[in-house]
Amino acid sequence: MENILTIKNLSVSLTGKRGTVPILHDISLEIEAGHILGLVGESGSGKSMTAFAITQLLPGGRNSIVGGSINFCGQELTEKKESELAKFRGKEIAMIFQEPMTCLNPVFTIGRQMTDVIMTHQQKNRTEATSKALEMLEKVHIRNAERVLKRYPYELSGGMRQRVMIAIALSCSPKLLIADEPTTALDVTIQAQIIFLIKEACKASGTGVVFISHDLGVVSQLCDKIAVMYSGKIVEMGTASDVLRDPQHPYTKALLSSIPRFTPKEDADDKLYAIPGMVPDPLEVISGCRFAPRCPYVLDICRKEEPPLKILEEGHCLHCHFQEEVQA
Ligand SMILES: Nc1ncnc2c1ncn2[C@@H]1O[C@H](COP(=O)(O)OP(=O)(O)OP(=O)(O)O)[C@@H](O)[C@H]1O
Ligand SMILES: [Mg+2]
């Protein structure tokens, strides 16, 4: 299967008041057409920065990329001119975010905003763009689409706004969709509907999806592959079933045991696990494995040497000294 996106050894540093801060370390991942990759990890682990790097919209601009390559359908994005990149964004690479209000313009109707986007990227006049907008709203299962086109963003519920954002994102049939916590602000039933929509759109049109979430439950319902990020690194990656059913990295195991389960209170004998400590500040100098200070299985070598990449079986890989020792 053809890869939509191949990231190799990507490193990102941001320069600001605190000097130059390394944010992403040696990120490598691949996404095939019609596949969904989940990026998970605690707050501050670098999920959004990975998304911004792909779209070349990092806060520090493109100089923030200090190494590695981002290949999108055979084209090296890190070498493209800004004017060329603008053509990719919104058309071939679409994005949706947690709060659609920040992307929708409050002073224009939904119809106006949808047709503007469609007309920017496709050879269509306003009438044709309007019928495309209607078609897209119906695709995301919005009833009374004609009425919704005349509404302003504030007149819609959060779930409806997120559907509109997905309709806009998919209206130009992107090859890659980046969804950064798109369901975090929604209640669970709406969340399930949005997840279903993303899956449907991806499978129907062969769009590759990067789905970012700190919620492993959501990711498990949706993703083909999962990459677990910790402190700017991918610590474990594999098929969703390998990572969720047979996690190997202590951080992945800890994340999984911190998911609440539906056990009646009187039956719940084990308390919910909370990973002690916090994701380190990116400026914090940690030798060896960045998870070592919080890891229950920490060995001497973990504090000295960075764990190398270990490939377990097809596609399932991780960086962990402990796992290596156990196997040995
Ligand atoms: N503009 C910025 N300048 C410098 N550092 C930043 C900037 N924005 C974010 N960071 C830092 O980059 C690191 C990664 O942040 P990122 O937003 O990618 O995390 P995240 O995994 O998306 O977290 P969350 O789940 O909270 O969205 C964090 O340590 C954060 O403090
Ligand atoms: Mg984020």
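Residues numbered from 1 in each chain as written. Chains lettered and ligands numbered in written order. Predicted model: local features only at pLDDT ≥ 70, side-chain atom pairs only at ≥ 80, totals over all residues. Heavy atoms only, no water.

*Asks:* Could you give me a rundown of the sheet that holds strand β10 (residues 233-239), with the residues and numbers involved?
*Replies:* Strand order across the open sheet formed by eight strands is β6-β7-β8-β3-β9-β10-β12-β11, with mixed pairing between neighbours. Each edge of the open sheet carries a strand with a single partner, namely β6 (93-96) and β11 (309-313). When strand polarity is set aside, the average angle formed by the axes of neighbouring strands in this sheet is 20 degrees. In the sheet, strand β3 (residues 36-40) pairs with strand β8 (residues 208-212) via four bridges, with the strands oriented parallel. What sits directly across from I36, in β8, is V209. The strands touched by helix α6 (residues 158-170) within the sheet are β6 and β7 (176-180), with β6 carrying the most contacts at an inclination of about 175 degrees. Against the sheet, helix α7 (residues 188-205) touches β3, β6, β7 and β8, its axis set at about 155 degrees to β8. (Pairing = 2+ DSSP bridges. Helix = DSSP H or I, 4+ residues; strand = E, 2+ residues; numbered from the N terminus. Axes fitted to C-alpha atoms, helices over the stretch in contact; angles between N-to-C directions. Contact = heavy atoms within 4.5 Å.)

*Asks:* Account for helix α4 (residues 126-139), with residues named and values stated.
*Replies:* Spanning 14 residues, α4 covers 20 Å between terminal C-alpha atoms, matching the ideal 20 Å at 1.5 Å per step. On its buried face, α4 is in contact with α3 (110-121), α5 (145-149) and α6. The distance from a side-chain oxygen at the start of α4 to the backbone nitrogen of T127 is 3.1 Å, and the residue carrying that oxygen is N125. In the segment just after α4, H141 is the residue with positive phi, at about 60 degrees. (Expected span 1.5 Å × (residues − 1). Polar contact = N/O pair within 3.5 Å; in protein donor to acceptor, adjacent residues only side chain to side chain.)

*Asks:* Which residues make up the domain arrangement of the chain, and what are the values?
*Replies:* The domain boundaries assigned to the chain delineate domain 1 (3-92 + 172-260 + 274-327) and domain 2 (104-171). Each of domain 1 and domain 2 was reduced to a C-alpha centroid, and the two centroids are 30 Å apart. Across the boundary between the two partners, domain 1 contributes 17 residues, which contact 15 residues of domain 2. The tally of links between domain 1 and domain 2 comes to five residue pairs in polar contact (both at pLDDT 80 or more). Sorting elements by how many residues they give to the side of domain 1 that touches domain 2 places α7 first, with eight residues. For the side of domain 1 that touches domain 2, a count of residues per class yields 11 nonpolar, three polar and three charged. (Domains from an automatic or database assignment. Nonpolar A, V, L, I, M, F, W, Y, C, P; charged D, E, K, R; others polar.)

*Asks:* Please set out the packing of α6 against α7 residue by residue, giving values where relevant.
*Replies:* Where α6 meets α7, the axes come as close as 10 Å, and the angle between the chain directions of the two elements is 10 degrees. It follows from the interaxial angle that α6 and α7 lie roughly parallel. Residues G159, Q162, R163, I166 and L170 of α6 touch α7, and the partners they reach there are I190, Q193, I194, L197, I198 and A201. Its residues assigned to classes, the contact of α6 with α7 shows seven nonpolar, three polar and one charged. (Parallel < 35°, antiparallel > 145°, perpendicular 65-115°, else oblique.)

*Asks:* So what about the site of ligand 1? Which residues, and what values?
*Replies:* Close to ligand 1 lie 13 residues; S43, G44, K47, S48 and M49 are nearest. At a separation of 3.2 Å, an oxygen atom of ligand 1 approaches a polar backbone atom of S45. Here an oxygen atom of ligand 1 sits 2.8 Å away from a polar atom, N or O, in the side chain of K47. If ligand 1 stood free it would expose 640 Å²; the protein chains cover 62% of that surface. The dominant element in the shell around ligand 1, judged by the number of residues it contributes, is helix α1 (residues 47-54), at three residues. Each residue belonging to the shell around ligand 1 can be placed in one class, and the counts come to five nonpolar, five polar and three charged. (Near = heavy atom within 4 Å. Areas by Shrake-Rupley, 256 points an atom, 1.4 Å probe, with all protein chains shown as cover.)

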